Amino acid sequence: MVSGLINANPVVYEKKERRSRSTPTHVDEYAVELIDQLEIFDHIRDIKDPEHPYSLEELKVISEDAIEVDDKRSYVRVTFTPTVEHCSMATVIGLCLRVKLMRSLPPRYKVDIRVAPGTHATEAAVNKQLNDKERVAAALENPNLVDMVDECLAPSYG
Amino acid sequence: MADSIQWIQHVELYVSSSATPSQQVASVDAVATLLKNDLLTLEALVREMEMYLTTTDSIIRCRGILLLGELLAQLTLKPLDSTSIHSLIGFFTERLADWKALRGAIVGCLALLRRKSDVGRVTDSEAKAVAQSYLQNLQVQSLGQHDRKLSFQLMECLLDRYAGAMADLGDNLVYGICEAIDGEKDPQCLLLVFHIVESLAQLSPGPLANFAEDLFEILGCYFPIHFTHPKGEDDDVKREELARALMLAFASTPLFEPFSIPLLLEKLSSSLPSAKVESFKYLSYCTAKYGPERMAKHAEALWASLKDTTYLSPQSMLSMEPESMSRMNFQESDVMTEAFVLLQEVIRQYGEFISLIIGDNDINAFLISLNQYKGFDDIPLQVKQKLHAVGHILSACAKASAAMCNKVFESFFPFLMDGLGLSVAQPSQNNSYLDEECFSLAKFKFGPLYLCIELIAACKSLTLSLYNCTSIHDFPHQRWCSLLSSFSESLVKAFVSMLRSNVADNEQSAYVYCGVKGLQILATFPGSFTPVSKSVNDNIFLELVSIITSDSNKTFEWTSALKALVEIGFSIDKCLDSEKAASFESTVVEKIVSLISSLDSAIPLSLRLQAAFEIGATRKDFMLRVVRGLDESIDTNFSAVFDHGNHKSDELTIKLLDTYSQKVLPWFLEIGGSEEVQLNFALRIWDKIENFRALNLSPPEFTSISYQDLLGATMTAMKKAVASCSEESQEIIINKASGVLFSSTVFGSMGFKSGSSILKEEGLQQTQNYGNSSGRDEWLTSLFASVVVALRPQTGISNRKMILQLFITSLLNGHVPSAHALGSLVNKLPLETKGIKSSRSLSLNEALDMIFHSFVGTCRDDSTSGNDGSGVNINSLRLNTSRIQLEFNTVIGLAWIGKGLLMRGHEKVKDITMTLLSFLTLDCEAGVSKQFQNLAEVLDEEGVHQLMKCAGDAFHIIMSDSGECLNRMYHATVRPLYKQRFFSTIMPILLSLVVKSESSFVRSMLYRAFAHVVSDTPLTAILGEAKKLFPILLECLSTLSKDVSDKGIIYSVLLVISGILLDKNGQEAAVENASSIVNQLIELTAYPHMMAVRETAIQCLVAVSELPHARVYPLRTKVLRTISKALDDPKRIVRQEAVRCRQAWASIASRSIHF
């Protein structure tokens, strides 16, 4: 690991206002509300950046538009944008996203985490690492990594 | 004398460095107590302590002196003779030079200087000596934080309490203080420093003159107050507090003026908004303190910076609410707000300032440039911002005083009128202008229009302030006033023509807003100061009313016109202007009232009623007029319903009645005073009913829904009206009502012979006829019930017996309002009747006897065994196959009566509950069934089950709060904690019945009753029993979850459980049942019929995870497995809760995310 911060002075953006969902006065008890972009985004927006006290939303690492979800086919893809190209934290961020979604979505879902094309020096390697079941499982055996992930996820369980 | 050994020990303890701080505090307290109680004299103490006070070991000396100082600080209220004080202060003064043992000396000086004169005070010369020693010996800035703080406190105390002595010290003092405070950074100390400077400036023969610049140099560095470490440990001193203290110090003497004003003006150009805000605040405050002479030379600089902030680069945002988009509704930034405050202050202090504004080239050029824009939308946003700012500046100038107003008007008003194309009106055309379109809208440029309205508004507020404080008689001779009056007529014309234009698009609504506002301002000038003549004034009223009456499609215009009229009404009420009030009443109020009943109006009734109520609310006699209109309208509509069966009138009447009960009656209740309106309303309704009776009319199709609504609305209005009356008026109403009721032929022939039961067969037949056939009689009884429900307990009722009988009869026929009335009656009846016992008065016990007797009925022959007179004997209820319904009605009636009794805390409620319970357990085929034999015979199984369910739900009636009756609004007698009491009596009975019951259906019904009772009991009562209740609650949930229709009950029981789980004592109870709780909750997380149930169940699971680890750990796997299913719940809220719950349970053990 490099000593010192990878990106010492990131740009912090304003948080988007929480979009409150309109609650109809008459609720149909049996109507199904599908899992949608905003719901996925609500799960991950408050995850803390591994090296700064800001949320991924504030750093614009993730945005609502960068989430694809298909509830019927149980598929979700999150594309995130590291703050700098050589960010070695990209894998940790990706791991956090994966863990958080694994814990928040029904088991039927397949989660795909990707770095946005052209935003990272070793894009292909990171993508491969993040979507390799074995390597993710191995990473989660590492107590240091798990501690780090848990710390980043803590704010998202509001 | 106290045991000297003992207190010396305390002293030693304090002085020694080994003792803990708390021990030291304790020993100071102990010695101080001795001193206070005169068990030890100060002299003896000092003598004994000599060694500690004079030793060469500086640490011990320091502790010794500090002890003496702290002791003195505790003795501030104990009188001391002057010699002691003299020698003590002398000692401490001297010790100030001892830098190694300084703290004790400062504490001692402070304690002595703070003494009040009645307990012995330090003299001026001694104080002076202290100050001299202070100035000579203390190097404040080289001390630690706490010592610095103490020394500043000492200086503050000297300046505050010995100002005279300090003034003698002259330059020396100022110099010393400058030295002491220079470079201070600690917020707490700074607070003291600022205060010291302030006090210093106030010393009488100001020694400050020579040092003002030096002192200000030190002070000026702190502006603006800004914390570099925002989250420091000194959170106790707020930035605002410091900023305010510094501001006071800045403004403490006019001598600072040559230095402070340039500094503040310079800081205005800072890029930090907070610095700007601060600067404006300080400037406003300093302007007020320094006085006009000193500020005069800064006027130009001030205007330049004000202009820069407000006009050249205004920071305001157009408010984004959709309805205000078309108006000049700007949200000013803080900087701008403060700038306007300064502007006002400067103008108030220094009138000449205004010539700068009037003569300003930029502003004049801007005004001319405004003429190039035509409509509202042509003006670009920046120009709008500037327009807003200029409007604000001009109005601030005009508001300041009459003279200023004159100047502003002279310089700008004619120009604005030119811009609008208005001229002084020719008086020849009198009224005709209201009928013709004199102006085309395109002529009015928005810029001048807006400024013109701002100016008139400023005039009005000036007039109001003058009107309130002085009596200026030359008012109409003021230049602005004559200017305004000469233009007023053409202005009114212009405003009216803006309203008349038929285009309702966005651009025009800005004009509509201006038009309405202009008219409103012109019409709200107080009394004799009005610049508009009476006829013009009337025309304004007419114009606004015509908007209200003509068309509601242009909603914006309609609402703003109504708002303007309401404002005008309030202003008339405030200014006590009788002439205007009269014309307002004749033109506005009359017209609006006539709207209520007009049939062919294009405006929906609800809007008409809203207009009438709002206009009426401006003044009481207007409201009375509106009420009269409402009454008439209700009358005609009632007749229409009853005579012609007019369905349209149904709806109208309901709306009218709703206005009455929701708006008018509460309004009268709020303003207090007479209750004429309520009384009259109730009596009118009864008159009406009486007339219909006489004519033998009845509403057609009385089963239709709108008819039921009408009855409901009438009942609510009646209840509210009666409830807000006093006892006397209520008596009048009830007498009237019973007169109408009992004069009727039907009720007359019902066989109400005193004491005899009406429930003989033929009587019953009659009552049944009544129940089925005549809607009119239902009207009568329902209205009568609403009167009875709302009575006060003290109100005398004659004919009680008959009334009671009536209600019992109609109740047995399924009339629920009668049940309410019976409940209210037993709740409010007096326990004893005083005076002679007549057949007409009735005590509670007699009433109850009557009620039970009626329910018991006539079939005594086959019930001799069961009826011992203690309660109601079910067995003897008349049971006919045709009267299954009767049993239901009995149960409902008993529930309401029981509620009434329970609320007043009467013991008979026990009998009623027992009866209800016996209904509940009806199904016990084997055991007690003998009593119910004939019931079982006549009712089929389904019927019995229905009846049992009904009895279970009766407990809901008993426990829940009702809006219909028996609440505080309807004057119910409520004993405190009645719910808790009922809970604790019924619980053991229910529990034992559950144990005894064999049939599962009976048990489920018992659970039902149990659920109702538990969910309406306050949580605190349940917590005490939580341990016992848990198993039943869980059992209850599992039973109830079988039937979809019980989802509401499940939810309320679940809420009780979550309440218990969130409480500390409740958690202890939950520990033992953890596993069964979790099992039950897991089942409910998949409850398909109600989302709230699933959500609450999951929340409860989260709460369970907080229980002791050993208890919940074994359940973890099971919970996690369930929750992963809940993550796929159809409802989003449930999924969110599931994520939270999953995290809570996953994190109670080693990290593992495999679930």
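Residues numbered from 1 in each chain as written. Chains lettered and ligands numbered in written order. Predicted model: local features only at pLDDT ≥ 70, side-chain atom pairs only at ≥ 80, totals over all residues. Heavy atoms only, no water.

Q: Any chance you could explain the overall build of chain A here in plain terms?
A: Each helix and strand counted, chain A has five helices and three strands in total. Counting from the amino terminus, chain A carries its helices and strands in the arrangement α-β-β-α-β-α-α-α. Within chain A, buried positions represent 45% of all 158 residues. Here the contacts in chain A between residues at least 6 apart in sequence split such that 68% fall between residues at least 24 apart. Surface summary for chain A: the accessible area is close to 8600 Å², and the carbon and sulfur share equals 52%. (Helix = DSSP H or I, 4+ residues; strand = E, 2+ residues; numbered from the N terminus. Buried < 20%, exposed > 50% of the residue type's maximum accessible area, 1.4 Å probe, protein only. Contact = heavy atoms within 4.5 Å. Areas by Shrake-Rupley, 256 points an atom, 1.4 Å probe, with all protein chains shown as cover.)

Q: Could you clarify how one ought to interpret the packing of aromatic side chains in this entry?
A: Each aromatic ring pair is described using two quantities: the centre-to-centre distance and the angle formed by the ring planes. All names here are of chain B. This model, assessed by the stated rule, comprises 20 aromatic pairs over all chains. One aromatic cluster in this structure is built from Phe216, Phe223, Phe250, Phe256, Phe259 and Tyr282. Between the NZ or CZ atom of arginine 63 and the centre of the ring of tyrosine 14, over which it lies, the distance is 4.5 Å. (Phe/Tyr/Trp six-rings, centres within 6.5 Å; stacked < 30°, edge-to-face > 60°. Lys NZ or Arg CZ within 6 Å of the ring centre and 35° of its normal.)

Q: Explanation requested: unusual backbone geometry in the structure shown.
A: Residues other than glycine seldom take positive phi values, yet Lys60(A) does so here, at roughly 55°. Positionally, Lys60(A) belongs in the loop between helix H1 (37–44) and strand S1 (67–70). Positive phi, close to 60°, is recorded for Asp38(B), a residue that is not glycine. Counting through the fold element by element, Asp38(B) comes out in the loop between helix H2 (21–36) and helix H3 (42–54).

Q: Is there a simple way to think about the side chain of His1089(B) in this case?
A: Along the polypeptide, His1089(B) turns up in the loop between helix H50 (1074–1084) and helix H51 (1091–1104). On the basis of relative accessible area, His1089(B) is assigned to the buried category, the value being 18%. Side-chain polar atoms of His1089(B) contact the side chain of Tyr30(A), separated by 2.9 Å. Those residues within four positions of His1089(B) in sequence are excluded, and the remaining contacts are Glu29(A), Tyr30(A), Val1044(B) and Lys1047(B). (Polar contact = N/O pair within 3.5 Å; in protein donor to acceptor, adjacent residues only side chain to side chain.)

Q: Help me understand the interface of chain A and chain B in this model?
A: By a widespread convention, an interface's size corresponds to the accessible area lost as its parts come together. In this complex, chain A contributes 29 residues to the contact, which on the side of chain B involves 19 residues. For the pair chain A and chain B, the summed buried surface comes to about 2200 Å²; carbon and sulfur atoms form 49% of the total. If you sort the residues of chain A by the area they bury against chain B, Glu29(A), Glu33(A) and Arg103(A) come out on top, with a joint share of 30%. Our enumeration of links across chain A and chain B arrives at four salt bridges. Here Arg1132(B) ties to Asp36(A) by a salt bridge, and the two come within 3.6 Å at their closest N and O atoms. The interface formed by chain A and chain B includes eleven residue pairs in polar contact (both at pLDDT 80 or more). For the side of chain A that touches chain B, the residue count by class is 15 nonpolar, three polar and eleven charged. (Buried area = accessible area lost by both parts, 1.4 Å probe. Salt bridge = Lys/Arg side-chain N within 4 Å of Asp/Glu carboxyl O. Nonpolar A, V, L, I, M, F, W, Y, C, P; charged D, E, K, R; others polar.)

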